[in-house]
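# Coordinate analysis (summary)
The primary structure of each chain is shown beneath.
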Amino acid sequence: MEIAGTRLSNRPDMENTASPKVRFTVSALRPETITALLVLLATTLMMLIMKALNPTFGSLEQIAAILTTSIFLVVASYGQGLVILLGGIDLSIGVVMSIGGMIIAGLTNGSNQALVWAIPVTLLSCIAIGLVNGLGVAFLKVPPFIMTLAVATAAFGVALGLTAGSSQRTVAPALQQLMSARITGIPIPILLIGCSLIGGSLLQSRTAEGRKLYAIGSSVAAARIVGLPIEALTIGAYGMSGLCASVAGILLAGYSSGATLDMGDPYLMPSIAAVVIGGASVTGGKGNYLGTFAGAIFLSALSTIITVLSLSQGWRNIIQGGIIVVALTLQTKQWYLQKIANRPLTGQGSPNRALSQNSKV
Amino acid sequence: MVKRDVSSLTPILQATGVHKRYGATIALEDLSFSLYPGEVCGLLGENGAGKSTLVKILSGIVVPDAGEIALEGQAYQPHNIVDARTRGVSTAFQELSLIPTLSIAANLFLPKPKVNAIGLVTIRAIEELTETILKQHAVFDVSPSTLVGDLSLGLRQRIEIVRAMLREPRVLLLDEPTAAIADREWLFGLIESLLARGTAILYITHRLDEVRRLCKRCVVLRNGRKVLDAALEDMTDDQIFSKMAGRSVVETYPIRESNIDESAPPVLAAHKASAAGVNDVTFRLRRGEILGLAALEGQGQSSLFRVLAGLVPLKGGSIEVNGGPVRLRSPRSARAAGIILVPEERKTEGIFNDLSTAANISIPVINQAARFNFIRNRKERQMVERGASRVDLNSRYLWPNINALSGGNQQKTILARSLLANPKCLLLFDPTRGVDVGTKQIIYQVIRKFAREGGAAVFYSTELDELVHLCDRCLVMYRNAIVAEVRQEELTPHLLLSLAAGHKIDVHGTA
Amino acid sequence: MVMSMKQASREKGRPLASSLFAAILYVVMFVIYSINAPSAITLGGITDLLNNTIVLAIASAGLTLIILAAELDLSSVGVIAVSNVLVATVSTKMPAGTIGTLLLVCLVGLLVGLTNGWLVAFLGLQSLACTLGTMIMCQGIALVILDAPGGEVAAFIMNRLTDTVFGMIPVAGLILAVVVLAWLLFRRTRLGIAIYAVGTDAVASHLTGIDVKGTKLRVFALAGVAYGLAGYLLSAQTGTGDPRVSNSFLLYVFAAVAIGGTSLGGGRGGVIGSVIGAGILTVMQKLLFAVGVADFYTNIFSGLIMVVAILFGNLSAILTLHQRMPLTRHGDRGYSAQ
């Protein structure tokens, strides 16, 4: 076609300069995957160093224990990852985990029969909390960190009122067995982790709804014009986060054969850290579950090391907070490079800026 | 005032071999030019030709990759805007760098308004000073304490210009200074007085008549290169235009072969529609028709498009699709009615920055490629390739991330996406903005083909030529209302421009 | 296209309006409170109320600066915790304990603020996630300094700062007055003006030559100092150190800012509103306590009040937007016709 000829001759520069990037992204290893592999590599290295310093560390049993205890974070951070993918954040995960554990412990009270209805009730009530978050964010336009923090505070108040603060009943034995039994020598939690990794990845990266989440996180304005169901998917993502937190809470209750009102708290910040370490963008649109998974494993291993080194809770916090900041910094460097590469041709400012609010100084 | 040498032999500003690229796109390539004291030099070029980049380099916002700039014989490498200003280079920006929540006085003296002994900004003093300055620059009837956000666009632009002139610059950059100003003589008067002081002015504009009025010399950029640097009196308008566009203006539009279906009910019709920013709009769009929309900046065209796309609720009147009334509650319901918007802001409302080009194309219809909600790669690939071929988008651009693509290819992506949903009506808001010439051709062809095959389009463009050559009919908007309807036979850029500027001209068949 | 200038001096008092609303709300709440608890209108009652208000007021004043500059900061609870445990551990041991500790906690706040500011402004980290990280780190530091509630606050700090001067003016009231006065002066400084400019439109601010990064750095630093001070005053109230400041306090800080009419989008609002907002929240808590509502309901209530405060802010933003909609839209293109 004649026209194609005109175009090519008009812009030779585009043809040459775009190609290296093309090759990079087309290859099987997407940047997110590379991040995930790097994190797993870092985890291995960290373990090896510990092993070198302390030969008793790093037995097969210990590794199995690390993986087993990582399941709470692996599951909980999946929901957090979906919410962050949308550019939001869920600060209610810790409280929802506790509530999930409390409900399942309270309802089963040591009986396996009760599980049949106790599990659905637990899951549904926690999903309901997530849906409230989603409704507030989607329809009331409350900033996610405030909405989820407010809901968490309120839900904690309700739980406190109902339980009078002191509840540590026994969980159904089946749940405890689930967390300790093995199939062909492999602890069941590790198998569950594998399942959730595969299932979660498929759901996030291979489904139409997952694709839409990426699109919304990438640009809400464009998603609205394209007609994506933004509100429904936002509510869905927060609901999913509630679901994941409750599953994590049930498993945690099974593992520790009881529940307390603050048992989920230690998992809130790590769930955010896992997502950020995994290479997801806190502004949304980027990241996958493999990365989050790698981040969760990394944090669990680190947590075990901290325990082995018998560092206090304070140091644990300092390290965790520091990791979030470092992970963010590493990411921002990448984005920065990309931003330079993708600056628009004319660099025009946003034209609708001028129309704006006012107040007097 | 310092007395300056007004001889035009030694340039006040000289740029040699300036080079700037943003990732894949070259914004400026090997640009050399000079600016002499006491002259106004016109800088012309299409959108994306590199004018804004040049302004940003000269005013210290962007650092060039290569090249040298000398100001009055000394090396000039401003690190930031304050740096440039102290060296005597001042800029009135196209985007207007005013803060709406601050008063005019505060804005004029940013970033360092005068302070008293204890570091407080002396509001009364700067307001008095502002009063005098505004008077000197013939801006009347406005109090210095007014918040800039409360001013009309025209007044804001005046304040922006006054602020740039305030610092007695040796070089003044005016970037599209008349975009919102009706009274151009006001600006021309100020320019005269600056020239008398020996200031050199670089005047960036789209409007050739302004360049003819003010300048003796003009520089034309195209795709980042200087393609013309000549005295204006030697050039005809047509010569300059063809330099700007890299083509001769007349022969590039596809031949019009309208296929308007008069018998079918209108694809889209508005009856006395009003909403925020839209007043009493009535029109009918028939099958196979391309309905143009001409308007100056901010005359409600954007709001009208948003109403039709379901983004802004209708307050009064009605909208009909295929003869039946519809309520466009959201872009979703507009899509369901077959109306698809190609939005104004490609970067923020058009593309999904984090997705691949292919995913950008398939996203609205992704469910069609999915079974049990799982995406089938082959089906998606077929769909995307079908869409891409309709807009002549090379398939090797499909799999990389969309932000690796040029503006033109991004726009093609958005068109492919829009066509894939089988729309009945396309709302095209300035689809050729910031797009290279080759892509423009393809966009024209795509729109024509779409109409020929029974689609209908509402087409707004800032390029009047496009409206004249592409549309079957053209509406003109002024102050949020449709003020005229021009038939194809009568379409000329002059007529559209004067109607859009609010002049009352008797046109046959006014809506 | 030139518009008439009739709207020129239309709305001078707008930002005051939301503060005024908050003030009226405060008065109403206070009246209800004093009906339920008659001791509220005695000097002791007022001193008590102001003492309870001041920590939240100063923390939210710091956050207000950050939100005005269109950023977010969660680190307040972390800094307050560090500051609190520092006062509880060193104020009795240091020479010139009162002033020395005050300087120390301000310095700590400054350091944390500078770190935040540097990360956000110069490294370009998203402020919410980044300050979440520093918040956790600060909480960790607080735990390292003091791993369980305890310690001892110098008697002078405890007694003098919660008392009255000349037997009639509560010290807390004086401090609040100083904060308000400082704000009134501050917002007329170059930095004060720059904060509004940066929060309204960072791109335009950059084009006018404002040092956007430097402004943000300073804002975070100032806020850090305010948090440090808040922690100091908290110690004066409690007389002891507690490394765990509850997350619901963080909610209250944001709620106070939102109720006070500062837009979470930046560029609109001010410290006075936030101080009143802090007052409203404190009276509300006291009122709930006075009418005998159980503790856990307070949790539910604070969640609710936060959402309501934001909704209130959204609503006023929508109202202002509606007013402005008919204004012309600004684009950056012109016609290329002759």
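These numbers come from a predicted model, not from an experiment. (Residues numbered from 1 in each chain as written. Chains lettered and ligands numbered in written order. Predicted model: local features only at pLDDT ≥ 70, side-chain atom pairs only at ≥ 80, totals over all residues.)

### What about the overall build of chain A?
- Counting secondary structure elements, chain A contains 15 helices and two strands.
- Burial statistics for chain A: of 361 residues in total, 50% are counted as buried.
- Excluding contacts between residues fewer than 6 apart, the proportion of contacts in chain A whose partners are at least 24 apart in sequence is 79%. (Helix = DSSP H or I, 4+ residues; strand = E, 2+ residues; numbered from the N terminus. Buried ≥ 20, exposed ≤ 12 C-beta atoms within 10 Å, placed from the backbone. Contact = placed C-beta atoms within 7 Å.)

### Overview of the overall build of chain C
- Summing up its helical and strand segments, chain C has 13 helices and two strands in all.
- By sequence separation, contacts in chain C at least 24 residues apart represent 80% of the contacts at least 6 residues apart.

### A word on the sheet that holds strand β13 (residues 290-294) of chain B
Residues and elements named next belong to chain B.
- The strand order across the open sheet formed by six strands is β16-β19-β20-β13-β21-β22, and the pairing between neighbours is mixed. Two strands in the sheet have a free side with no partner beyond their single neighbour: β16 (339-342) and β22 (481-487). Adjacent strand axes in the sheet meet at a mean angle of 20 degrees, parallel and antiparallel pairs treated alike.
- In terms of strand pairing, strand β21 (residues 473-478) meets β22 through six bridges, oriented antiparallel. Across the sheet, residue Met 477 finds its bridge partner in β22, namely Ile 482. (Pairing = 2+ DSSP bridges. Axes fitted to C-alpha atoms, helices over the stretch in contact; angles between N-to-C directions.)

### Focus on helix α2 (residues 43-68) of chain C
Residues and elements named next belong to chain C.
- Compared with an ideal rise of 1.5 Å per residue, which puts 26 residues at 38 Å, α2 spans 35 Å between its outermost C-alpha atoms and is within 8% of the ideal.
- Within α2, 20 of the 26 residues are buried, leaving the element largely enclosed by the surrounding structure.
- Just downstream of α2, Ala 70 is the residue with a positive phi angle, here 65 degrees. (Expected span 1.5 Å × (residues − 1).)

### Comments concerning the pairing of strand β11 (residues 268-275) of chain B
Residues and elements named next belong to chain B.
- Relative to strand β12 (residues 278-285), β11 runs antiparallel, the two sharing five bridges. Across the sheet, Leu 268 pairs through a bridge with Leu 285, a residue of β12.
- Counting the residues between successive antiparallel strands, the hairpin from β11 to β12 contains two residues, one of them, Gly 277, with a positive phi of roughly 85 degrees.
- The pairing of β11 with strand β14 (residues 316-321) spans five bridges and is antiparallel.

### Digging into the nonpolar core
- Counting 367 residues, the largest nonpolar core has Leu 427, Ala 457 and Val 476 of chain B as its most contacted members.
- Residues contacting Ala 457 of chain B, with those up to four places away along its chain left out, are Ile 290, Leu 291, Cys 425, Leu 426, Leu 428, Ile 447, Phe 450 and Ala 451 of chain B. (Core = buried A, V, L, I, M, F, W, Y, C linked by C-beta atoms within 7 Å.)

### As for the sheet that holds strand β9 (residues 217-222) of chain B
Residues and elements named next belong to chain B.
- Read across the sheet, six strands follow the order β6-β7-β8-β3-β9-β10 without closing on themselves; strand pairing throughout is mixed. Every interior strand has two partners, whereas the edge strands, β6 (89-92) and β10 (225-231), have only one. Taken pair by pair, the neighbouring strands of this sheet meet at an average axis angle of 20 degrees, ignoring direction.
- Judged from the five bridges that link them, strand β7 (residues 171-175) and strand β8 (residues 200-204) form a sheet pairing that is parallel. For Leu 174, the partnering residue across the bridge sits in β8 and is Tyr 203.
- Relative to the sheet, helix α1 (residues 51-58) contacts β3 (40-44), β6, β7, β8 and β9, its axis offset from that of β7 by approximately 145 degrees.

### Observations regarding the confidence of the model for chain A
Residue and element names in this part refer to chain A.
- Summary statistics for chain A give a mean pLDDT of 82 and a share of 83% for residues scoring 70 or more.
- Ranking the elements of chain A by mean pLDDT puts helix α1 (residues 2-10) last, at 31, and helix α12 (residues 230-255) first, at 96.
- For residues 1-28, every residue scores under 50 in pLDDT, and the model assigns this stretch 31 contacts once sequence neighbours within four places are set aside.
- Confidence over residues 336-361 falls short of pLDDT 50; this stretch has 73 contacts with residues more than four positions distant or in other chains. (pLDDT = per-residue confidence, 0-100.)

### A closer look at the pairing of β8 of chain B
Residue and element names in this part refer to chain B.
- With five of five residues buried, β8 lies mostly within the body of the structure.
- Of the two faces of β8, both are covered, the one formed by Ala 200, Leu 202 and Ile 204 as well as the one formed by Ile 201 and Tyr 203.
- Two elements, β3 and β8, share four bridges in a ladder whose sense is parallel. Bridged to Cys 41 within β8 is Leu 202.
- Taking the sense of rotation as the criterion, the β-α-β connection linking β7, helix α6 (residues 184-196) and β8 turns out right-handed. (Right-handed = clockwise from strand over helix to strand, strands pointing away.)

### Section: α1 of chain B
- Summarising burial for α1 of chain B: eight of the eight residues are buried, a large majority.
- Among the residues trailing α1 of chain B, Gly 60 of chain B stands out with phi positive, at a value near 85 degrees.

### Quick notes on the confidence of the model for chain C
Residue and element names in this part refer to chain C.
- Here chain C averages 83 in pLDDT, while 87% of its residues score no lower than 70.
- By mean pLDDT, the top-scoring element of chain C is helix α10 (residues 212-238) (95), and the lowest-scoring one is helix α13 (residues 295-324) (71).
- Note on residues 1-14: pLDDT is under 50 here. Beyond four places in sequence and across chains, it has 25 contacts.
- Under a pLDDT of 50 for its full length, residues 321-338 has, in the predicted model, 49 contacts with residues more than four places off or in other chains.
- Model confidence for the complex is summarised by a pTM of 0.83, with the ipTM given as 0.82.

### Things to note about the packing of helix α8 (residues 190-200) of chain C against α10 of chain C
Residues and elements named next belong to chain C.
- In the contact formed by α8 and α10, the axes pass within 10 Å of each other and the chain directions differ by 110 degrees. Classified by the angle between their axes, α8 and α10 sit roughly perpendicular to one another. Judged by residue contacts, Leu 191, Ala 194, Ile 195 and Val 198 of α8 engage Val 212, Thr 215, Lys 216, Arg 218 and Val 219 from α10.
- Split into classes, the residues belonging to the contact of α8 with α10 amount to six nonpolar, one polar and two charged. (Parallel < 35°, antiparallel > 145°, perpendicular 65-115°, else oblique. Nonpolar A, V, L, I, M, F, W, Y, C, P; charged D, E, K, R; others polar.)

### Things to note about the environment of Glu 233 of chain B
All names here are of chain B.
- Within the secondary structure, Glu 233 is located in the loop between β10 and α8 (237-245).
- Here Glu 233 falls in the exposed class, since 8 other C-beta atoms lie within 10 Å of it.
- A sequence separation of 168 residues divides Glu 233 from Asn 401, and the C-alpha atoms of the two residues are 47 Å apart.

### Overview of unusual backbone geometry
- At the junction of Leu 110 of chain B and Pro 111 of chain B, the peptide bond is cis and its omega measures out at 0 degrees in the coordinates.
- Here the phi dihedral of Lys 141 of chain A falls at roughly 60 degrees; this positive angle occurs in a residue that is not glycine.
- Note that Lys 141 of chain A resides in the loop between α6 (115-138) and α7 (144-163).
- Under the C-beta neighbour-count criterion, Lys 141 of chain A is labelled partly exposed, with 13 such atoms within 10 Å.

### Focus on the environment of Pro 266 of chain A
- Turning to its location among the elements, Pro 266 of chain A is positioned in helix α13 (residues 265-277).
- Separated by 193 residues in the primary sequence, Pro 266 of chain A and Leu 73 of chain A have C-alpha atoms spaced 9.9 Å apart.

### Description of the packing of α2 of chain C against α10 of chain C
Residues and elements named next belong to chain C.
- The N-to-C vectors of α2 and α10 enclose an angle of 170 degrees; their axes lie 8 Å apart at closest approach. Judged by the angle between their axes, α2 and α10 are roughly antiparallel. In this structure, α2 uses Asn 51, Ile 54, Val 55, Ile 58, Ala 59, Ala 61, Gly 62, Leu 63, Leu 65 and Ile 66 to contact α10, whose residues at the interface are Val 219, Phe 220, Leu 222, Ala 223, Ala 226, Tyr 227, Leu 229, Ala 230, Leu 233, Leu 234 and Gln 237.
- Here the contact of α2 with α10 is built from residues that sort into 18 nonpolar, three polar and no charged.

### Topic: the environment of Ser 75 of chain C
All names here are of chain C.
- Assignment of secondary structure puts Ser 75 in the loop between α2 and α3 (76-90).
- Given 34 C-beta atoms within a 10 Å radius, Ser 75 is considered buried.
- Each C-alpha atom of the pair Ser 75 and Ser 274 lies 18 Å from the other, and the pair is 199 residues apart in sequence.
- Non-local contacts of Ser 75, meaning those with residues more than four positions away in its chain, are made with Val 112, Asn 116, Thr 131, Thr 134, Met 135 and Cys 138.

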